[in-house]
Amino acid sequence: MAEKSAEKDTAGFWFDPLCPWCWITSRWILEVEKVRDIEVDFHVMSLAVLNEGRDLPEEYQEMMKKAWGPVRVAIAAEQAKGPEILAPLYTAMGTRIHNQGNKDWDVVIKESLEEVGLPAELAEAATSDKFDEALRKSHHEGMDAVGDDVGTPTIHVNGVTFFGPVLSRIPRGEEAGKLWDASVIFAGYPHFFELKRTRHEAPEFD
């Protein structure tokens, strides 16, 4: 009688398309999928929701006002086509925002919806509060478990929630796999909380 195969490791990834650090970590987890037998699910969090009520610099406050658009559209897309649409939609948005440097959210949303074959009218969600309840629900499902003093990237490794890993480059191939292996080890120890050092380089998306 054959032995029962081990369960797959799982990665629940909560993203806001605007965050460059989240973008790099998301590209890493897609690299991991190529070299490890894992199950990855993408979900939406919101920097705008996260920063509600916080004392922020004026420039950042203005950014947060605009940050509602892409995540509202992502939730609208999820409700229209199911959670499997989030990964390709995030890739379409993130490529434009980070790799191409496009900060015109209206254009980013329009082109991204078109790329993944979604109806153009979903862009209307960006300026509507129709999906805010669902957005907040998705946000809190990802973020409440990790605590108040963190942001994104947030990842659930086999059900254990962490802020990070924060990466300035995208690991590829077996290097990506080894970093995942380490993450699984950390997640497997219930009393592990934090491993951190000061960032000294900007993110690069190549």
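In this report, we go over the structure that sits alongside the text. (Residues numbered from 1 in each chain as written. Predicted model: local features only at pLDDT ≥ 70, side-chain atom pairs only at ≥ 80, totals over all residues. Heavy atoms only, no water.)

1. A look at the side chain of S138
On the secondary structure map, S138 appears in helix α6 (residues 132-143). Within the local environment of S138, its side chain forms a polar contact with the backbone oxygen of V44, the two atoms lying 2.6 Å apart. Not counting residues up to four positions away in its chain, the partners in contact with S138 are W14, H43, V44 and I75. (Helix = DSSP H or I, 4+ residues; strand = E, 2+ residues; numbered from the N terminus. Polar contact = N/O pair within 3.5 Å; in protein donor to acceptor, adjacent residues only side chain to side chain. Contact = heavy atoms within 4.5 Å.)

2. Let's talk about the pairing of strand β3 (residues 154-157)
Of the two faces of β3, the one carrying T154 and H156 and the one carrying I155 and V157 are both buried. One ladder, built from four bridges, connects β3 with strand β4 (residues 160-163); its direction is antiparallel. For H156, the partnering residue across the bridge sits in β4 and is T161. Linkage of β3 to β4, two consecutive antiparallel strands, is achieved through a turn of two residues, within which N158 is found at a positive phi near 50°. (Buried < 20%, exposed > 50% of the residue type's maximum accessible area, 1.4 Å probe, protein only. Pairing = 2+ DSSP bridges.)

3. Focus on the environment of E78
Mapped onto the elements, E78 comes out in helix α3 (residues 58-81). In the structure, E78 is positioned 125 residues away from P203 in sequence and 28 Å away in space, judged by C-alpha atoms. If we skip the residues at most four places from it in the chain, E78 touches P83, I85 and L86.

4. Topic: the packing of aromatic side chains
How two aromatic rings sit relative to each other is set out by the distance from centre to centre and by the angle between their planes. If you walk through the whole model with that rule in mind, you get eight aromatic pairs. Consider the rings of F15 and Y90, whose centres lie 4.1 Å apart with planes at 15°: the pair is stacked. Placement of F15 in strand β1 (residues 9-15) and of Y90 in helix α4 (residues 86-99) is noted, with a sequence separation of 75 residues between them. For F15, a relative accessible area of 1% gives the class buried. In textbook terms, an aromatic cluster arises when at least three aromatic residues are bridged by ring pairs, as seen for F13, F15, W23, F42 and Y90. Above the ring of W23, the side-chain terminus of R27 is found at 3.9 Å from the ring centroid. (Phe/Tyr/Trp six-rings, centres within 6.5 Å; stacked < 30°, edge-to-face > 60°. Lys NZ or Arg CZ within 6 Å of the ring centre and 35° of its normal.)

Read these as layout, nothing more, since geometry by itself doesn't imply function.
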